[in-house]
Amino acid sequence: LQVFDHSRVGISLDETTTIQEVRDLLDIFALGSPLPFAVEGLTLQAQSAIPEPLQRKSAYLTHPVFNTYHSETELLRYIHKLQEKDLSLTTSMIPLGSCTMKLNGTAEMLAVTWPEFSQPHPFAPLEQTKGYQILFEQLEAWLAELTGFPGISLQPNAGSQGEYAGLLVIRKYHQFYSERHRDVCLIPRSAHGTNPASAVMAGMRVVVVDCDDEGNVDLLDLRAKAEQHSQKLAAAIITYPSTHGVFEEKIQEICEIVHQHGGQVYMDGANMNAMVGLCRPGDFGPDVCHLNLHKTFCIPHGGGGPGMGPIGVKAHLIPFLPTHPVVPVSGKDGINPVSAAPWGSASILPISWAYIAMMGARGLKHATEIAILNANYIAKRLEPYYSVLYKGSKDLVAHECIIDLRDFKKTAGIGAGDVAKRLMDYGFHAPTVSFPVMETMMIEPTESESKAELDRFCEAMISIRKEIAEIEDGQADRSDNVLKKCTPYRSASHADRVDSRLFSRKSSFSCTVGPRTQVLAPRRTN
């Protein structure tokens with residue numbers, strides 16, 4: 001029960017509450033006296049909260065799926081049939097750039113099923129959630145050590161919500177020191193789309209900063225716009241490593257320019273998987289940073305959730321971290337809550353806690369090194385066949401790479417979407433398509449994939465490049481080919497060139513046009 005004051009308590013019931021639990025509650029308030037009514041009878045008196053015109057009168061659950069499977073065997077086969085239609089990490093790697101689709105270890109996930117973590121109400125009295133408090137304290141301390149930020153708030157529920165919270169903290173900081181007029185936010189052209197959206201929601205005006213030909217922030221343009229808006233500069237958002245898949249070598253100078261003009265630096269931590277154990281953002285200039293626990297720290301994600309986007313801040317911003325009206329958290333001058341619950345989606349925090357605890361400092365550093373190594377391996381293997389769009393000064397990428405497909409529109413009529421769909425034929429989820437540059441693919445293998453899986457992916461991409469070459473050479477029609485649609489046309493030599501190791505699954509699909517049928521590849525799963 002939630003105690004409001006000496007005369008009021010709050011009771012939360014839901015569809016899982018049993019009659020016996022209601023009876024136990026009423027017995028407590030009856031102080032041992034017999035109840036003057038039968039609890040079961042209360043349901044007869046209950047009034048629907050749904051207005052009469054909106055109450056459903058039609059039949060429901062009429063689809064055959066709800067009355068076809070009458071045994072566990074039948075239901076199991078039905079569920080497995082649905083599962084076979086999906087492509088997940090159980091099938092192959094999911095190389096979505098900027099998404100960090102890494103392994104979510106079973107041992108890390110187990111605690112989510114424990115009622116001790118899944119059942120407590122977010123507003124339960126702190127004395128009843130001491131285990132949770134220990135988890136929060138340890139996780140905050142670990143994240144502070146890994147990032148170099150002494151202040152951590154676990155309240156934001158997503159990376160975008162972390163951005164929003166961090167920018168609100170910056171605004172509150174300026175307001176506290178009587179600089180309410182500071183409302184300009186500098187954002188590079190390469191930024192994630194949520195960056196300008198979060199800035200606008202936080203009440204800021206967005207000014208876009210250009211990038212140079214190497215994918216880095218254009219320092220001349222940054223300096224000019226920082227000077228132009230010096231009196232009103234509130235913040236700048238920088239992603240490190242950049243969304244172009246390279247480490248911004250001038251990151252310290254970028255932060256210094258913003259600080260010289262009175263602004264605060266917000267670092268988008270979406271690419272933290274390239275930093276953990278190697279460097280700490282709190283050491284090279286940013287004032288605020290969010291962390292995607294559902295990416296870097298192994299909470300599974302996709303399809304809208306779940307997620308956690310805690311923020312870390314420098315010491316001068318700790319007083320402005322999010323507060324909560326029911327459960328006291330964070331700073332005395334903090335911003336209003338950004339989440340309904342004081343610690344966000346607390347029930348999934350044991351996943352990140354378990355990941356950090358089991359990996360340890362050495363394991364976390366090694367994972368980061370392998371993530372960077374894997375991305376560079378893919379970039380080097382594909383470089384003879386595709387142009388790698390951005391690389392650092394040492395001809396290397398960070399934890400992801402972008403391959404350029406733009407020329408294929410002219411030479412073969414093939415777009416990035418065609419290559420993405422063709423990859424599904426080879427049994428792979430497509431990388432991120434047309435972001436941050438149109439008609440490109442951003443590939444992030446993470447540390448979870450073996451060299452054998454990386455090779456299988458590269459061989460698929462190389463095979464697709466040869467299919468494009470057949471169109472360029474006139475061996476295949478520009479509109480009637482294996483990248484555009486199912487067709488029996490294939491050169492005799494093509495089947496010999498495709499390594500059988502590409503096809504990890506026994507299943508295959510056939511395309512029939514007229515009397516001929518040609519087996520192409522593992523079936524398209526979508």
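Just so it is clear, the structure is predicted and the values come from calculations on it, not from any experiment.

A. Broad picture of the pairing of strand β4 (residues 184-188). Summarising burial for β4: 5 of the 5 residues are buried, a large majority. Both faces of β4 are covered, namely the face carrying Val-184, Leu-186 and Pro-188 and the face carrying Cys-185 and Ile-187. Examined bridge by bridge, β4 and strand β5 (residues 205-209) share 5 bridges and lie parallel to one another. Counterpart to Pro-188 in the pairing with β5 is Val-209. Once you follow β4 into helix α8 (residues 194-201) and on to β5, the crossover reads as right-handed. As paired elements, β4 and strand β6 (residues 233-239) share 3 bridges and run parallel to each other. Of the residues in β6, the one forming a bridge with Leu-186 is Ala-236.

B. Here's a closer look at the packing of helix α11 (residues 349-382) against helix α14 (residues 451-472). The geometry of α11 relative to α14 is characterised by a closest axis approach of 10 Å and an angle of 30° between their N-to-C directions. As the angle between them shows, α11 and α14 are arranged roughly parallel. Of the two elements, α11 crosses α14, and the hand of that crossing is right-handed. Residues Asn-374, Tyr-377, Ile-378, Arg-381 and Leu-382 of α11 touch α14, and the partners they reach there are Lys-451, Leu-454, Asp-455, Phe-457, Cys-458, Glu-459, Met-461 and Ile-462. Of the residues contributing to the contact of α11 with α14, the split by class is 8 nonpolar, 1 polar and 4 charged.

C. Fine view of helix α6 (residues 130-147). Between its first and last C-alpha, α6 extends 26 Å over 18 residues, near the 26 Å set by a 1.5 Å rise per residue. Tyr-132, Gln-133, Leu-135, Phe-136, Leu-139, Leu-143, Ala-144, Leu-146 and Thr-147 are the residues of α6 that are buried. The arc enclosing the buried residues of α6, seen along the axis, measures out at 165°, which places them on a common side. When the buried face of α6 is taken as reference, the exposed residues oriented beyond 90 degrees from it are Lys-130, Glu-137 and Glu-145.

D. Highlighting the sheet that holds strand β11 (residues 401-404). One open sheet holds the 4 strands; their spatial order is β10-β11-β13-β12, and the pairing between them is antiparallel. Whereas interior strands pair on both sides, the edge strands pair on one side only; in this sheet they are β10 (387-388) and β12 (432-433). The sheet strands contacting helix α13 (residues 416-425) are β12 and β13 (440-443), and the helix crosses β13 at an angle near 45°.

E. Fine view of the packing of helix α7 (residues 159-176) against α8. As a packed pair, α7 and α8 sit with axes 9 Å apart at the nearest point and diverge in direction by 40°. Comparing the axis directions of α7 and α8 gives the class oblique. Considering only the axes of α7 and α8, their crossing is right-handed. Contacts between α7 and α8 pair Ser-160, Glu-163, Tyr-164 and Leu-167 from the former with Thr-194, Asn-195, Ser-198, Ala-199 and Met-201 from the latter. Taken together, the residues of the contact of α7 with α8 sort by class into 4 nonpolar, 4 polar and 1 charged.

F. Structural context of the nonpolar core. Within the largest apolar cluster, 53 residues are counted, with the highest numbers of intra-cluster contacts made by Leu-143, Leu-154 and Leu-186. Within the residue set of this core, elements represented by two or more residues are α6, β4, β5, α9 (219-228), β6, α10 (251-260), β7 (264-268) and α11. It is α6 that contributes the most residues to this core, 7 residues altogether. Of all hydrophobic cores here, the second largest spans 35 residues; its members include Ile-403, Leu-454, Cys-458 and Ile-468.

G. Local environment of the packing of aromatic side chains. In this structure the tally under the stated criterion is 15 aromatic pairs. Ring geometry for Phe-136 versus Trp-343: centroids 4.6 Å apart, planes at 20°, classification stacked. Of the two residues, Phe-136 is situated in helix α6 and Trp-343 in the loop between β9 (311-313) and α11; the sequence distance between them amounts to 207 residues. Each of the two residues, Phe-136 as well as Trp-343, counts as buried. Relative to Phe-408, the ring of Tyr-386 lies with its centre 6.1 Å away and its plane at 75°, an arrangement referred to as edge-to-face. You can see Tyr-386 sitting in the loop between α11 and β10 and its partner Phe-408 sitting in helix α12 (residues 407-411), a full 22 residues away along the chain. Across this residue pair, the class does not change: Tyr-386 and Phe-408 are buried. Joined through ring pairs, the aromatic side chains of Trp-114, Phe-117, Tyr-132, Phe-136 and Trp-343 make up one cluster.

H. Examining a negative patch on the surface more closely. A contiguous patch of negative charge, built from Asp-14, Glu-15, Glu-21, Asp-24 and Asp-27, is present on the exposed surface. Structurally, Asp-14 can be placed in the loop between β2 (8-10) and α1 (19-30). Look at Asp-14 and you get partly exposed, because its relative accessible area is 43%.

I. Quick peek at the sheet that holds strand β8 (residues 288-290). Read from one edge to the other, the open sheet built from 7 strands follows the order β3-β9-β8-β7-β6-β4-β5, with strand pairing classed as mixed. Only two strands of the sheet have a single neighbouring strand rather than two, namely β3 (151-153) and β5. Taken over all neighbouring pairs, the strand axes of this sheet differ in orientation by 20° on average, direction set aside. Pairing of β7 with β8 involves 2 bridges; the strand directions are parallel. Paired with Met-267 across the bridge in β8 is Cys-289. Where α7 meets the sheet, its contacts fall on β6, β7, β8 and β9, and the angle it forms with β7 comes to roughly 175°.

J. Broad picture of the confidence of the model for the protein. In the predicted model, the protein carries a mean pLDDT of 90, and the fraction of residues at 70 or more is 91%. A low-confidence stretch, residues 487-501 (pLDDT under 50), is modelled with 29 contacts involving residues beyond four sequence positions or located in other chains. The low-confidence segment residues 503-526, where pLDDT is below 50, has 55 contacts with residues more than four positions distant or belonging to other chains.

Calculation rules
Residues numbered from 1 in each chain as written. Predicted model: local features only at pLDDT ≥ 70, side-chain atom pairs only at ≥ 80, totals over all residues. Heavy atoms only, no water. Buried < 20%, exposed > 50% of the residue type's maximum accessible area, 1.4 Å probe, protein only. Helix = DSSP H or I, 4+ residues; strand = E, 2+ residues; numbered from the N terminus. Pairing = 2+ DSSP bridges. Right-handed = clockwise from strand over helix to strand, strands pointing away. Axes fitted to C-alpha atoms, helices over the stretch in contact; angles between N-to-C directions. Parallel < 35°, antiparallel > 145°, perpendicular 65-115°, else oblique. Left-handed = near helix turned anticlockwise from the far one by under 90°. Contact = heavy atoms within 4.5 Å. Nonpolar A, V, L, I, M, F, W, Y, C, P; charged D, E, K, R; others polar. Expected span 1.5 Å × (residues − 1). Arc of directions from axis to C-beta. Core = buried A, V, L, I, M, F, W, Y, C linked by side-chain atoms within 4.5 Å. Phe/Tyr/Trp six-rings, centres within 6.5 Å; stacked < 30°, edge-to-face > 60°. Patch = residues over 30% accessible without salt bridge, like charges linked within 9 Å, V, L, I, M, F, W, Y side chains within 5 Å. Areas by Shrake-Rupley, 256 points an atom, 1.4 Å probe, with all protein chains shown as cover. Salt bridge = Lys/Arg side-chain N within 4 Å of Asp/Glu carboxyl O. Lys, Arg positive; Asp, Glu negative; His and termini not counted. Charge placed at Lys NZ, Arg CZ, Asp CG, Glu CD. pLDDT = per-residue confidence, 0-100.

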